[in-house]
Amino acid sequence: MLPDVDFLFHLADVAAAQTLPRFRSRLVVDNKPKEGFTFDPVTEADREAEKAIRAAIGQRFPDHAILGEEFGRSGEGDLLWVIDPVDGTRPFICGVPVWGTLIGLTVRGKAEFGIMSQPFTGERFYATPEGGYGEGPHTGRYALAVRDVGGLENATLFSSAPELFRGGLKDRFQTLVDAVRLTRFGCDCYAFAMLAAGHVDLCVEPGLQPYDIVALTPLVERAGGVVTTFSGDRPEEGGDVIAAATPQLHEAALRLLNG
């Protein structure tokens, strides 16, 4: 009833067969209506990759439920695949390889399996209940492990875009920015993978959907990190999400974000 790593890799392969030929090509980009955004892109790569992933899951695990960004939910039950075929469509259409295919599996609501595949660089970051690993053409296979830099003053913070922070949260996020050593924007799911690999210390993302975070949650947790909503709850349902390399950083960052 449960997948192994080979099946996660198979899903990454069928997705890459749809995304890679379309990356850095002259794609037609559609705009999905979304509250708070004047431009929320979607492409043929998003749709065709999700179709391919769904078909592969259905062939192997026909009784499993699936939730995807492009085609919603199908099926019911304790085992739910959660898919974002191209997380980071904005960098995808700009030709920047910090997007990834996110495929996660929740077991009775908890994220237990996940893979983030970046096929252009040849990197994969994946986790099962047994552990979390990264691999790529220049690194080989290695165990994911967060780093401990101590306090916020030594931390590197990532978020997708500053304009995601609105109202009072904008000022509280700026307080966090002022407290850390370095802040960078624009890496989407790749930043979470870098946190799990020990290169980044905090990722803060408001307004996530389940398909944005389910696959990344076990990566961070198996690496020794912490990932929750701003209220400290499990992140599988999305919302305002923070990932931290250590409990100390998590607590300190939440204190500022929550005012």
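None of the values given here were measured: they were computed from a predicted structure.

**Things to note about the pattern of salt bridges**
Next, step 1: A full pass over the atoms with the stated rule returns 14 salt bridges.
Next, step 2: Between R124 and D13 there is a salt bridge, and its shortest N-O distance comes to 2.3 Å. Taken together, the residues span a long stretch of sequence, with R124 in strand β8 (residues 123-128) and D13 in helix α1 (residues 5-19) at a distance of 111 residues.
Next, step 3: Residue class for D13 comes out partly exposed when judged on its relative accessible area of 42%.
Next, step 4: Between R22 and E44 there is a salt bridge; the shortest N-O distance is 2.8 Å. With a gap of 22 residues between them, R22 in the loop between α1 and β1 (29-31) and E44 in helix α2 (residues 44-60) connect regions that are remote in the sequence.
Next, step 5: Among the ionic contacts, a cluster of salt bridges with common partners joins K32, E69 and E70.

**Things to note about the sheet that holds strand β10 (residues 140-143)**
Next, step 1: The eight strands are arranged β4-β3-β5-β6-β7-β8-β9-β10 in an open sheet whose pairing can be described as mixed. Whereas interior strands pair on both sides, the edge strands pair on one side only; in this sheet they are β4 (72-74) and β10. Geometrically, the sheet is characterised by an average inter-axis angle of 15° between neighbouring strands, direction not taken into account.
Next, step 2: Pairing of strand β6 (residues 100-107) with strand β7 (residues 110-118) involves seven bridges; the strand directions are antiparallel.

**Observations concerning the side chain of R54**
Next, step 1: Here R54 shows up in helix α2.
Next, step 2: Those residues in contact with R54 that lie beyond four places of it in its chain are I66, L67, G68, F71, G72, R73, S74 and I83.

**Some remarks on the nonpolar core**
Next, step 1: If you look at the biggest cluster of nonpolar residues, it comprises 29 residues, and the most contacted ones within it are M116, F125, C203, L216 and L219.
Next, step 2: Sorting the residues of this core by element identifies β8, α5 (189-196), β13 (202-208), α7 (216-222) and β15 (239-244) as the ones contributing at least two each.
Next, step 3: A per-element tally of this core places α5 first, with eight residues.
Next, step 4: Ignoring anything within four residues of it in the chain, the contact list for L216 reads L102, M116, C189 and F192.

Conventions used here
- Residues numbered from 1 in each chain as written.
- Predicted model: local features only at pLDDT ≥ 70, side-chain atom pairs only at ≥ 80, totals over all residues.
- Heavy atoms only, no water.
- Salt bridge = Lys/Arg side-chain N within 4 Å of Asp/Glu carboxyl O.
- Helix = DSSP H or I, 4+ residues; strand = E, 2+ residues; numbered from the N terminus.
- Buried < 20%, exposed > 50% of the residue type's maximum accessible area, 1.4 Å probe, protein only.
- Pairing = 2+ DSSP bridges.
- Axes fitted to C-alpha atoms, helices over the stretch in contact; angles between N-to-C directions.
- Contact = heavy atoms within 4.5 Å.
- Core = buried A, V, L, I, M, F, W, Y, C linked by side-chain atoms within 4.5 Å.

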